[in-house]
Structure formats: structure tokens, C-alpha cells
Amino acid sequence: MTTAEELQKALAEAKAEAQDQREAFHIALKVAEELLDLGKPEVRNRQNLLAWGQLEVTVELLRREVHNH
């Protein structure tokens, strides 16, 4: 196999791996969104609300980033 063929094969493998990683990330993000919907804390103290709010903001920012690309 020539160097050009080897590079083409390596590039194809890298693209396939990147696609697999993107798909896995999309699945993980969807699961995180669903868990946030299901798991709102019952105890409404300030610390729980702040932590939950941070999780919601993080997931929302990731969702926006994913949908922009």
C-alpha cells in the first residue's frame, strides 16, 4: 500500500471515529436533557436549586452548541 493510500485509509478511519463520537455525544446530551426533566430536586433548598440550575444551563449550552454545528 502506498503512502497516499495509507493516508486515505487513516483519514477515512478518523472521519468514521469522529462521526461515532459525535453520535455518542448527541445521545448523551439527549439523555442528560431527559434526566433533567425527570429529576428535579424535591428538596427546594438554595444549594440544590443552584446546583440544579447550573446543570440546566450547562446542558442547554451544550444543546445549542450541538445544534449550531
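Small disclaimer: the values here were computed from a predicted structure and weren't measured.

Q: Before we go on, may I ask you to explain the packing of helix α1 (residues 3–38) against helix α2 (residues 46–68) in this structure?
A: When two helices pack together, their arrangement is captured by the angle between the axes and the distance separating the axes. Put simply, α1 and α2 touch, their axes get as near as 10 Å, and they point 145 degrees apart. Our pair here, α1 against α2, has a crossing hand that is left-handed. Taking contact as the criterion, the partners of F25, H26, L29, A32, E33, L35 and L36 in α1 are, on α2, W52, L55, E56, V59, L62, R63 and V66.

Q: I'm lost on the pattern of salt bridges in this one. Help?
A: If the charged atoms of two oppositely charged side chains come close together, the side chains can form a pair. Using the criterion set out here, one finds three salt bridges in the structure. For E60, the salt bridge identified is with R63, shortest N-O distance 2.4 Å. With E60 and R63 both in helix α2, this residue pair falls three residues apart, about one helical turn. Ionic pairing is found between E60 and R64, a salt bridge with its closest N-O pair at 3.0 Å. Separated by four residues within a single helix, E60 and R64 lie in helix α2, roughly one turn from each other. Given the relative accessible area of 27%, E60 is considered partly exposed. Residues joined in a network through salt bridges with shared partners are E33, E60, R63 and R64.

Q: Please explain the nonpolar core as it appears in this structure.
A: Across soluble globular proteins, you tend to see nonpolar side chains buried next to one another. Counting residues in each nonpolar core, the largest one holds five residues, listed as L29, L36, W52, V59 and V66. Sorting the residues of this core by element identifies α1 and α2 as the ones contributing at least two each. The biggest single contributor to this core is α2, with three residues.

Basis of the calculations
Residues numbered from 1 in each chain as written. Predicted model: local features only at pLDDT ≥ 70, side-chain atom pairs only at ≥ 80, totals over all residues. Heavy atoms only, no water. Axes fitted to C-alpha atoms, helices over the stretch in contact; angles between N-to-C directions. Helix = DSSP H or I, 4+ residues; strand = E, 2+ residues; numbered from the N terminus. Left-handed = near helix turned anticlockwise from the far one by under 90°. Contact = heavy atoms within 4.5 Å. Salt bridge = Lys/Arg side-chain N within 4 Å of Asp/Glu carboxyl O. Buried < 20%, exposed > 50% of the residue type's maximum accessible area, 1.4 Å probe, protein only. Core = buried A, V, L, I, M, F, W, Y, C linked by side-chain atoms within 4.5 Å.

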